[in-house]
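Residue-level structure breakdown
Spelled out from the first residue to the last, the chains are:
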Amino acid sequence: MLVPKRLYEPGTVRAFAMLLLPLIVLSTACGGTAVGAAPPAVKSSQQSFKQAVLNQDLTRVMIMIDSQPALAASSECLEQAGLLQAFYFDQREALRLLSQAQSMDRHNPHRLCSLAYGLTRNGKAPLALDLLQQAFDRNANDRRALAVKAYALAQTGEFLASDRIIEQLLTKLAKPGKSGGEESLMFLRVRVLILLDRLKESEALALIDNAIKAEPDSIALRMLRAQTLRPLGKWQQSVDDLKKILSISPVNDFAQRTLADVYRQHEMFAAGAKCYRLFLQTNPHPSKIVVGNRGLAICLEELKQFRQAAACRLAVLEANPSWLKLLAEQNSKSKTTIGRELALDIYAYASALRAAGQVKECFVPLNILLKHFPRQKAALEERALAYEALKQYN
């Protein structure tokens, strides 16, 4: 397996990270700080942006920010994009966007809390706790800040202190009134977190099930249940929720990619390939090229469609600027640094070319790899196989 499988484990730290983020995104989109008075066209754009956030449509959000200066200049929009990036595990980009949003609106407690969340996700919980103090200086009972603080404390091993804050939130937050409201979502997520942390999965799922009965078309709640089901081994039920999400929002990147990953991990490679292709074709964006083509290549290799797999492997390499430098350096002594991820991608491309019968072509990536790692066992073995194949063709 060239691409590591995602690890999803229940428990305070990871569960709180996964359950908290959709709350922050939803509550900001539904009732966050306004971008400001604007002409009708701009207001329409803002509404489209908020709808994309509500649909958890990361690619659409990024396309709109990249193409519309008014959105790129809004700290609220950058905050929402940063939180969605964190939701999709691109933590560096998430932290960049959240830091930019906070620098544009330093006194906004929402921006402070979101940046603290991003810092915690990047393993910088002590910095997050320092930053959160600014939010508490303005409002000691800030529920958003308390929730992020509980997460940060759990990350630093302060589990008792984290539990006390969670209990404090349980007593402060009203029981759900209108489904989908901020307090309702917070109350639900905190209760689910506590139940998961105590391995009471059936009770946690019962809470989510009840919420979905009240709001069956809620993408956020469906995602919450799909995320909760996967680590419990209930992947088929998770697939049902992902399909429901796609019936509501056919261009939802998260559901497309997650569904593709689930199919691939359970060796349903034809279905996985179909989902990866949809993921790549819907709202094309550079951020999707690598993850989509890696997953698609794995499925195609398992389906013995090696030429198409090789094309996917090449697309992954061409998305990396270092690949062009490496090609230009083939006959020189210069050496562009090759990290582990790039080395794996080069090896995978060479292997796919050989499997596709493009034996002569596979020596290019293999020679590049062996130039930097002359004793790399897998690459040496692959080259030996290529030489044997070359003899057969001749």
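To start, this report covers the structure provided alongside it. (Residues numbered from 1 in each chain as written. Predicted model: local features only at pLDDT ≥ 70, side-chain atom pairs only at ≥ 80, totals over all residues. Heavy atoms only, no water.)

1. Digging into the overall build of the protein chain
Secondary structure summary: the protein chain contains 22 helices and 0 strands in total. Looking at the protein chain as a whole, 50% of its 394 residues are labelled buried. At a minimum sequence separation of 6, the contacts of the protein chain that also span at least 24 residues come to 57%. Accessible surface for the protein chain amounts to roughly 18300 Å². Of this, 53% is attributable to carbon and sulfur atoms. (Helix = DSSP H or I, 4+ residues; strand = E, 2+ residues; numbered from the N terminus. Buried < 20%, exposed > 50% of the residue type's maximum accessible area, 1.4 Å probe, protein only. Contact = heavy atoms within 4.5 Å. Areas by Shrake-Rupley, 256 points an atom, 1.4 Å probe, with all protein chains shown as cover.)

2. Let's talk about the packing of aromatic side chains
Per the stated rule, a full pass over the model turns up 3 aromatic pairs. Plain terms: the ring middles of Tyr117 and Tyr151 are 5.5 Å apart, the flat faces sit at 40° to each other, and that makes the pair tilted. Taken together, the positions of Tyr117 in helix 7 (residues 109–121) and Tyr151 in helix 9 (residues 143–155) put the pair 34 residues apart, joining distant regions of the chain. Measuring from ring centre to ring centre gives 6.3 Å for Trp323 and Tyr349, while their planes differ by 90°; the resulting arrangement is edge-to-face. You can see Trp323 sitting in helix 19 (residues 321–328) and its partner Tyr349 sitting in helix 20 (residues 340–355), a full 26 residues away along the chain. Look at Trp323 and you get buried, because its relative accessible area is 3%. (Phe/Tyr/Trp six-rings, centres within 6.5 Å; stacked < 30°, edge-to-face > 60°.)

3. Some remarks on the pattern of salt bridges
In total, this model carries 14 salt bridges according to the counting rule given. Of the charged contacts, one joins Asp209 and Arg225 as a salt bridge, the two residues approaching to 2.6 Å between their closest N and O atoms. Taken together, the positions of Asp209 in helix 12 (residues 201–214) and Arg225 in helix 13 (residues 219–229) put the pair 16 residues apart, joining distant regions of the chain. Assessed through its relative accessible area of 15%, Arg225 is described here as buried. A cluster of three or more residues bridged by salt bridges with shared partners is formed by Asp209, Arg222, Arg225 and Asp241. (Salt bridge = Lys/Arg side-chain N within 4 Å of Asp/Glu carboxyl O.)

4. A look at the side chain of Glu329
By the secondary structure assignment, Glu329 is in the loop between helix 19 and helix 20. If sequence neighbours within four positions are ignored, Glu329 has contacts with Ser334, Lys335, Thr336 and Lys371.

5. Considerations on the environment of Ser162
Within the element layout of this structure, Ser162 appears in helix 10 (residues 159–172). Under the relative-accessibility criterion, Ser162 is labelled buried at 0%. Separated by 16 residues in sequence, Ser162 and Leu146 place their C-alpha atoms 9.3 Å apart.

6. Quick word on unusual backbone geometry
Look at Glu267: it is not a glycine, yet its phi comes out positive at around 60°. Along the polypeptide, Glu267 turns up in the loop between helix 15 (253–265) and helix 16 (269–281). Overall, the relative accessible area of 61% leaves Glu267 in the exposed class. Look at Lys304: it is not a glycine, yet its phi comes out positive at around 65°. With respect to the element layout, Lys304 can be found in the loop between helix 17 (286–302) and helix 18 (306–318).

7. Some details on the packing of helix 6 (residues 91–104) against helix 7
At a closest axis distance of 9 Å, the pairing of helix 6 and helix 7 adopts a crossing angle of 155°. By the angle between their directions, the pair helix 6 and helix 7 is classed as roughly antiparallel. Crossing hand, helix 6 versus helix 7: left-handed. Between helix 6, through Gln91, Leu95, Leu98, Ser99, Ala101 and Gln102, and helix 7, the contact on the second element is made entirely by Arg111, Leu112, Ser114, Leu115, Gly118, Leu119 and Arg121. In terms of residue class, the contact of helix 6 with helix 7 is made up of 6 nonpolar, 5 polar and 2 charged. (Axes fitted to C-alpha atoms, helices over the stretch in contact; angles between N-to-C directions. Parallel < 35°, antiparallel > 145°, perpendicular 65-115°, else oblique. Left-handed = near helix turned anticlockwise from the far one by under 90°. Nonpolar A, V, L, I, M, F, W, Y, C, P; charged D, E, K, R; others polar.)

8. What to know about the environment of His372
Within the secondary structure, His372 sits in helix 21 (residues 359–372). Along the primary structure His372 and Ile338 are separated by 34 residues, whereas in three dimensions their C-alpha atoms are 7.6 Å apart. Setting aside chain neighbours within four positions, we find His372 in contact with Leu326, Lys335, Thr336 and Ile338. Engagement of the side chain of His372 in a polar contact is seen with the backbone oxygen of Thr336, the distance being 3.0 Å. (Polar contact = N/O pair within 3.5 Å; in protein donor to acceptor, adjacent residues only side chain to side chain.)

9. A few points about the side chain of Ser249
Relative to the helices and strands, Ser249 is located in the loop between helix 14 (235–248) and helix 15. Beyond its immediate chain neighbours, meaning those up to four positions away, Ser249 contacts Asn55 and Ile219.

10. Here we look at the packing of helix 18 against helix 20
Angle between the axes and distance between the axes: these two values describe a pair of packed helices. Where helix 18 meets helix 20, the closest approach of the two axes is 8 Å, and the angle between their N-to-C directions is 155°. Viewed along their axes, helix 18 and helix 20 adopt a mutual orientation that is roughly antiparallel. Our pair here, helix 18 against helix 20, has a crossing hand that is left-handed. Contact with helix 18, carried on its side by Phe306, Ala309, Ala310, Arg313, Leu314, Val316 and Leu317, involves Leu342, Asp345, Ile346, Ala348, Tyr349, Ala352, Leu353 and Ala355 of helix 20 and no other residues of that element. Of the residues contributing to the contact of helix 18 with helix 20, the split by class is 13 nonpolar, no polar and 2 charged.

In short, shape yes, function no, at least from these values alone.
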